[in-house]
Amino acid sequence: MNASHSTPSTVLITGARAPVALHLARLFHGAGWRVVMADSVRHPISAASACCSRYFSIPSPRFEPSQYGDAINDILTAENPALVVPSCEEVFYLANLWMQRRFTHPLFAPEFSLLSATHNKFKFIELCRVLKLETPDTRLVENVNDLKSYSDQAHNLVFKPVWSRFAKQILICPSAAQLAQINPTSRMPWIAQTFVRGQELSAYAVARNGKLVALSVYQCRYRAGQGAGIYFEPVTNGAIHKFIDLFITGTNWNGQVSFDFIEMQNGEVLPLECNPRATSGLHFFQLPTPFVDAITLRSGDGLIKRHKVPQTLPLAMWYYGLPKALRTGKMVSFLKDLNRAEHILEWPADNGPKRGQWRSFLEMITRSMRHRSSLQQASTYDIEWNGPD
């Protein structure tokens, strides 16, 4: 994986629809690598990037797993990448493929069993307890009788499916009527978690063989509805740094991993959930060579430096943030925040994704209309991983 040779090493980055995949492509390209990308959409923003040498549109890992596996095999044979870097929930399908088909190309992700355990919101908390890390009280809810046992306490609890994303389906201190609308099963269980008041913070980390090499802690100032963040403010938090260091060491983590935390008034932090993949904290790393060297174990000791300017997606801000600003009378602060942030899709000598985002956005709108789903659901439904069944 030495990018200094006359023939550059090739990296395969999957999940090309995501801004984090585009950012990974830019970092690897900037560090002298040849970048090829793959995803199960036609027009991802990354395909329009000057940093992407070749894009492969492949079958859906969720709905066509066998064909997806064959397509990945064909790409590995044709491109012979020195490293495969997932960016979204396709990481679960890839880890499963690597286990079943015994691919020898390095996959920058933990083994499937660890990925599965951390994505499961109940098993993640259990894993933290094994590692002697503080957690909010969290109980598994597998049937209606379990659910009824929490009805008297529901005003102090948060309920969410063990496999979910973007805060989808989350119920915060629900009423009895709201609680009665969910139907947990042993196949699709939920959790009941103590509602903890405080500031929600997120973190993105990179680890190699149990060693933390990159960390970005941030606050989501604006969101798409209740879920995914669209405006990211960098923060510093020593308690989160300590938690993640212990977690990565305790699990011998290898790959990308992200977390959501609550910071309480006394400064203590509690983990809410884990996303064993890239999230928007990645955008705070903008020096290609140090980042790629850390991933490929060519860097020295210590964390690589991160950028300290807020990052945002202007299109999403206008689509989601503007209506809320108008409703709440915070138009001045909205415009001020938008003006002081850097735009995630902007990168020196790479204007293609800014133009390509409209084509990608149109594809997602079409999917949303076809499947009668929200834009968020349309953006992930074909790569989501919702448990072993």
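Note that the structure is predicted; figures quoted are calculated from it, not measured.

Turning next to the overall build of the protein. A count of helices and strands for the protein gives 13 helices and 15 strands. Expected size for 389 residues packed as a compact globule is a radius of gyration near 21 Å; at 20 Å, the protein falls within 12% of this value. Principal axes of the C-alpha set define a box for the protein whose edges measure 65 × 50 × 45 Å. Counting over 389 residues, the protein shows a buried share of 56%. Taking the intrachain contacts of the protein between residues at least 6 apart in sequence as the baseline, contacts between residues at least 24 apart amount to 66%. About 17,600 Å² of surface is accessible on the protein, with carbon and sulfur atoms providing 51% of the total. Seen as two clouds, the 40 positive and the 31 negative side-chain charges of the protein have centres 4 Å apart.

What follows deals with helix α9 (residues 288-295). Most of α9 sits out of view: six of its eight residues are buried. Among the residues making up α9, those that are buried are Pro288, Phe291, Val292, Asp293, Ala294 and Ile295. In this structure, the buried residues of α9 make contact with α1 (19-30), β4 (83-85), β9 (199-208) and β10 (211-223). Remark: Leu297 follows α9 within two positions and exhibits a positive phi of approximately 60°.

As a further point, take the pattern of salt bridges. Scanning the entire structure with this criterion turns up 20 salt bridges. One salt bridge in this structure joins Glu384 and Arg62, with 3.5 Å as the shortest N-O distance. Taken together, the residues span a long stretch of sequence, with Glu384 in the segment after α13 (375-380) and Arg62 in the loop between β3 (54-57) and α2 (65-79) at a distance of 322 residues. Judged by its relative accessible area of 5%, Glu384 falls in the buried class. A salt bridge links Arg101 to Asp70; the nearest nitrogen and oxygen atoms lie 3.0 Å apart. Pair noted here: Arg101 is in helix α3 (residues 90-101) and Asp70 is in helix α2, with a separation of 31 residues, a long-range link. What makes Asp70 partly exposed here is its relative accessible area of 39%.

For the protein, mean pLDDT is 93; residues scoring 70 or higher make up 96% of the total. Ignoring residues within four places in sequence, the model shows residues 1-5, a span with pLDDT below 50, making 13 contacts including any to other chains.

All right, on to the sheet that holds strand β5 (residues 138-141) then. An order of β5-β8-β6-β7 is seen for the four strands of this open sheet, with the pairing classed as antiparallel. Two strands bound the open sheet, and with one partner strand each, they are β5 and β7 (171-172). As paired strands, strand β6 (residues 157-161) and β7 are joined by two bridges and run antiparallel to one another. Following the sheet pairing, Val158 is matched in β7 by Ile172. Most of the contacts of helix α5 (residues 121-130) go to β5, to which it runs at about 145°, and overall it touches β5, β6 and β8 (190-194).

Moving on, we get to the packing of α2 against α3. For the pair α2 and α3, the least separation of the axes is 11 Å and the interaxial angle reads 75°. Regarding the angle of α2 to α3, the classification is roughly perpendicular. Mapping the contact onto sequence places Ser66, Tyr68, Gly69, Asp70, Ile72, Asn73 and Leu76 in α2 and Glu90, Tyr93, Leu94, Leu97, Trp98 and Arg101 in α3. In terms of residue class, the contact of α2 with α3 is built from seven nonpolar, three polar and three charged.

Moving on: the pairing of strand β1 (residues 10-14). The side chains of a regular strand alternate, first on one face of the sheet and then on the other. Within β1, five of the five residues are buried, which leaves the element mostly enclosed by the surrounding structure. Burial of β1 is two-sided: the residues Thr10, Leu12 and Thr14 facing one way and the residues Val11 and Ile13 facing the other way are all buried. Bridge count between β1 and strand β2 (residues 34-39): five bridges; the pairing is parallel. Within the sheet, the bridge partner assigned to Val11 lies in β2 and is Val35. Taking the sense of rotation as the criterion, the β-α-β connection linking β1, α1 and β2 turns out right-handed.

Looking now at the nonpolar core. Ile13, Phe28, Met37 and Phe291 are the most contacted members of the largest nonpolar core, which totals 37 residues. Looking at this core, the elements that each hand over two or more residues are β1, α1, β2, β4, β9, β10 and α9. Take this core: its biggest share by element is six residues, from α1. Filtering out sequence-adjacent residues up to four positions away, Phe28 remains in contact with Val11, Ile13, Trp33, Val35, Leu83, Val85, Val292 and Ile295. Counting 28 residues, the second-largest nonpolar core is a separate cluster that includes Leu12, Ile75, Tyr93 and Trp163.

In sheet architecture, strand pairing relies on hydrogen bonds along the backbone and comes in two forms, parallel and antiparallel. Reading across the sheet, the seven strands line up as β13-β12-β9-β10-β11-β14-β15 and stay open at both edges, with mixed pairing between neighbours. Each edge of the open sheet carries a strand with a single partner, namely β13 (269-275) and β15 (342-343). Summarising the sheet, strand β14 (residues 311-312) and β15 pair through two bridges and their orientation is parallel. Paired with Thr312 across the two strands is His343, which belongs to β15. Sheet contacts for α9: β9 and β10; angle to β9, the most-contacted strand, approximately 65°. Of the strands in this sheet, β10, β11 (229-235), β14 and β15 touch helix α10 (residues 314-328), which is tilted by about 115° from β11.

The rules behind the values
- Residues numbered from 1 in each chain as written.
- Predicted model: local features only at pLDDT ≥ 70, side-chain atom pairs only at ≥ 80, totals over all residues.
- Heavy atoms only, no water.
- Helix = DSSP H or I, 4+ residues; strand = E, 2+ residues; numbered from the N terminus.
- Rg over C-alpha atoms; globule rule 2.2 N^0.38 Å.
- Buried < 20%, exposed > 50% of the residue type's maximum accessible area, 1.4 Å probe, protein only.
- Contact = heavy atoms within 4.5 Å.
- Areas by Shrake-Rupley, 256 points an atom, 1.4 Å probe, with all protein chains shown as cover.
- Lys, Arg positive; Asp, Glu negative; His and termini not counted.
- Charge placed at Lys NZ, Arg CZ, Asp CG, Glu CD.
- Salt bridge = Lys/Arg side-chain N within 4 Å of Asp/Glu carboxyl O.
- pLDDT = per-residue confidence, 0-100.
- Pairing = 2+ DSSP bridges.
- Axes fitted to C-alpha atoms, helices over the stretch in contact; angles between N-to-C directions.
- Parallel < 35°, antiparallel > 145°, perpendicular 65-115°, else oblique.
- Nonpolar A, V, L, I, M, F, W, Y, C, P; charged D, E, K, R; others polar.
- Right-handed = clockwise from strand over helix to strand, strands pointing away.
- Core = buried A, V, L, I, M, F, W, Y, C linked by side-chain atoms within 4.5 Å.

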